[in-house]
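These are the residues of each chain, in order.
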Amino acid sequence: MHEYPQAGLAADAFGEVAAVFEENFTAGEELGAAVGVYHRGRPVVDLWGGWADPARTDPWRSDTLAVLASPTKALVTAAYLHLVDRQRLDLDEPVAAHWPEFAANGKAAITPRMILTQRSGIVCLDHAPLTPSALRAHTPVAEALAAASPEWEPDTAHGYHATTYGHLLSELVRRRTGLTAGHYFARHLAGPLGLDAYIGLPAGSDAHLATMLESKELDMLRALGEPGSLTHRAMIGSMRLHDALDPSVEDPSYGGLAGAGSLSRLFAALVGEVDGIRLIGPDRTAEVARPYSRGTCEVVLLPSTWGLGFMLPDSPVFPASAGLGPRAFGFDGANGTFVFADPDHELAFAYVQNAGSRTIGRMNDRAHRLVAAVYRSLGRSGRGV
């Protein structure tokens, strides 16, 4: 039996969250993990424990960075919406107005709003799959997106832009600013907020990285769908990334790295002020929490609800049993990572780990228990709203 080192702080009112975090370890369900919670712009939980490596020789530290997988898209979304508010961009102006090549093959009417709400139909790059060299160069990915065709008539259905989403927004950011999404995020969000969160580590970084175990959910996703199906083409056939990427290479759909404290701080700044910084205005936050797409996803073939760039409640990923507020928004990862904000409760939550997920299409049980404990703590403290 292995001892699991744990450290960090939890405010008295959130003691149950600390207890549940410890129980996840004592039950043998965690390898290494961290959880962060902000309430009304202030940190109330910042805990970490376990091991950053499968051999259990390298303790998880306060500065350990976890692989985010799909929640990387939350970082890119935050960066893009920050730019939209800063430059007062029109989300309903065609993408091709600033990226003319994108109009090819039936994409002239696609708008940023359709991308943010998973409705553009640009979900496959199997005609020019992503490779490590393409990611390093960035331009080949943008060219492949410009040459892609919608898999359905844009804005008539929704499907998870699993591979393409981060790259689409990154090119939109670059067309406006000259910066990729990773560099924009670092300069305008992570820097001012003091975040240990990255879409591509700075060259020469000595960051402490957690080693992610293979997720059971990823195995199931690989088996999902016939080779010619949209599911397979969008989620498997669009990537040729057989080897681990250099963490300094930007992969804005899957390759983010962050600690739980920084993720919860980022989300807190989407719904209120954190040390005087608010990333998007209240009207934009209301848009984020509005359901734009609801029903069965064309790609993963499971029910999902999407707001402006984020997942919303009313799906297995955001179950009512966890107590999430009706206007909560966030992201989950196939590796078990989970992050959200609840504007009605001025709450932000992030959970990262490296043991992987054992479920498909619903919130990781370990995260579910932590989220439920957070809401119970709010209710007992009388500070829920």
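Everything here concerns the structure above.
Sequence order as written defines the numbering, with residues in each chain counted from 1. Per-residue local features are limited, in this predicted model, to residues with pLDDT of at least 70; the limit for side-chain atom pairs, both in listing and counting, is 80 or more; totals at the level of whole chains, interfaces and linings are taken over all residues. Hydrogens and water molecules were not included; the side-chain quantities draw on all heavy atoms of the structure.

Engineer: Before we go on, may I ask you to explain the nonpolar core in this structure?
Structural biologist: Note that soluble globular proteins tend to have their nonpolar side chains buried in a common cluster. Core analysis: the largest hydrophobic core is formed by 120 residues, its most contacted members being Phe185, Phe267, Phe329, Phe340 and Phe349. Only DSSP runs of H or I reaching four residues or more are called helices, and only runs of E reaching two or more are called strands; each is numbered from the N terminus. The dominant element in this core, judged by the number of residues it contributes, is helix 2 (residues 72-87), at 9 residues. By nonpolar core is meant a set of buried Ala, Val, Leu, Ile, Met, Phe, Trp, Tyr and Cys residues that side-chain atoms within 4.5 Å join together. Summary of the burial criterion: residues with accessible area below 20% of their type's maximum are buried, those above 50% are exposed, and those between are partly exposed, where the area comes from a 1.4 Å probe applied to protein chains only.

Engineer: Honestly, the sheet that holds strand 4 (residues 64-67) in this entry has me stumped. Any pointers?
Structural biologist: Backbone-to-backbone hydrogen bonds pair the strands of a sheet. The strands run either parallel or antiparallel. In short, DSSP must find at least two bridges between two strands for them to pair. Strands sit in the order 5-7-4-6 across an open sheet of 4 strands; the sheet is mixed. Both edges of this open sheet fall to strand 5 (197-198) and strand 6 (208-209), since each of them pairs with a single strand only. When strand 5 meets strand 7 (residues 257-258), the two strands line up antiparallel, connected through 2 bridges. Counted as the bridge partner of tyrosine 198 is leucine 257 from strand 7.

Engineer: Please explain the sheet that holds strand 2 (residues 32-39) as it appears in this structure.
Structural biologist: Judged by pairing direction, the sheet is antiparallel, and its 6 strands sit side by side in the order 1-3-2-12-11-10 without closing on themselves. Edge positions in the sheet fall to strand 1 (6-10) and strand 10 (329-332), since each has one partner strand and no second. The mean angle between the axes of side-by-side strands here comes to 5°, regardless of whether they run parallel or antiparallel. Pairing of strand 2 with strand 3 (residues 42-50), which is carried by 8 bridges, proceeds in the antiparallel orientation. Looking across to strand 3, one finds that histidine 39 is bridged to arginine 42. Note on definitions: angles span 0 to 180 degrees between N-to-C directions of axes, and those axes are lines fitted to C-alpha atoms, for helices only across the stretch in contact.

Engineer: What is the right way to read the packing of helix 2 against helix 10 (residues 260-271) from this model?
Structural biologist: Two packed helices can be described by the angle between their axes and the distance between those axes. Two elements in contact, helix 2 and helix 10, have axes separated by 11 Å at closest approach and are oriented at 35°. Crossing of helix 2 over helix 10 shows left-handed handedness. Listed contacts from helix 10 to Ala74, Leu75 and Ala78 of helix 2 are Leu263, Leu266, Phe267 and Leu270. The residue makeup of the contact of helix 2 with helix 10, split by class, is 7 nonpolar, no polar and no charged. Helix crossings fall into two classes, left-handed where the near helix is turned counterclockwise from the far one by less than a right angle and right-handed where it is turned clockwise. In this description, contact between two residues means that some pair of their heavy atoms is separated by no more than 4.5 Å. Any residue outside Ala, Val, Leu, Ile, Met, Phe, Trp, Tyr, Cys, Pro, Asp, Glu, Lys and Arg is labelled polar, Gly included; the first ten of those are nonpolar and the last four are charged.

Engineer: Would you take a moment to explain the pairing of strand 3 for this structure?
Structural biologist: The side chains of a regular strand alternate between both faces of the sheet. In this structure, strand 1 lies alongside strand 3, joined through 5 bridges in antiparallel fashion. When the sheet's bridge partners are listed, leucine 9 is paired in strand 3 with aspartate 46. Between strand 2 and strand 3, which pair antiparallel in sequence order, lie 2 residues; one of them, arginine 40, sits at a positive phi of approximately 55°.

Engineer: Where do I start with the layout of surface pockets in this structure?
Structural biologist: In this approach, a probe sized like a water molecule rolls over the atoms, and the result shows the empty space that is left. The space that makes up the second largest pocket amounts to roughly 380 Å³. Detection works on a 1 Å grid of protein atoms alone, calling trapped sets that fit a 1.4 Å probe cavities and calling open sets with protein on both sides within 12 Å along at least five of seven lines pockets, with lining residues defined by an atom within 4 Å of a point. Taken together, 24 residues make up the lining of the second largest pocket; nearest its centre are His183, Ile199, Gly200, Ser248 and Glu250. In terms of residue count, helix 7 (residues 181-193) provides more of the lining of the second largest pocket than any other element does, 6 residues in total. Classifying every residue of the lining of the second largest pocket by side-chain character gives 13 nonpolar, 9 polar and 2 charged. Grid points are joined across faces, edges and corners, and a volume is the space filled by probe spheres set on the points.

Engineer: So what exactly am I meant to see when it comes to helix 6 (residues 165-177) here?
Structural biologist: For a helix, the expected span equals 1.5 Å multiplied by the number of residues minus one. A rise of 1.5 Å per residue sets the reference length of helix 6, with its 13 residues, at 18 Å; its end C-alpha atoms lie 18 Å apart and thus fit the reference within 8%. Every buried residue of helix 6 is accounted for by Tyr165, Gly166, His167, Leu168, Leu169, Ser170, Glu171, Leu172 and Val173. In this fold, the buried residues of helix 6 make contact with helix 2, helix 3 (112-116), helix 4 (132-137), helix 5 (139-147) and helix 7. Backbone geometry just downstream of helix 6 places glycine 178 in the positive-phi region, at approximately 80°.

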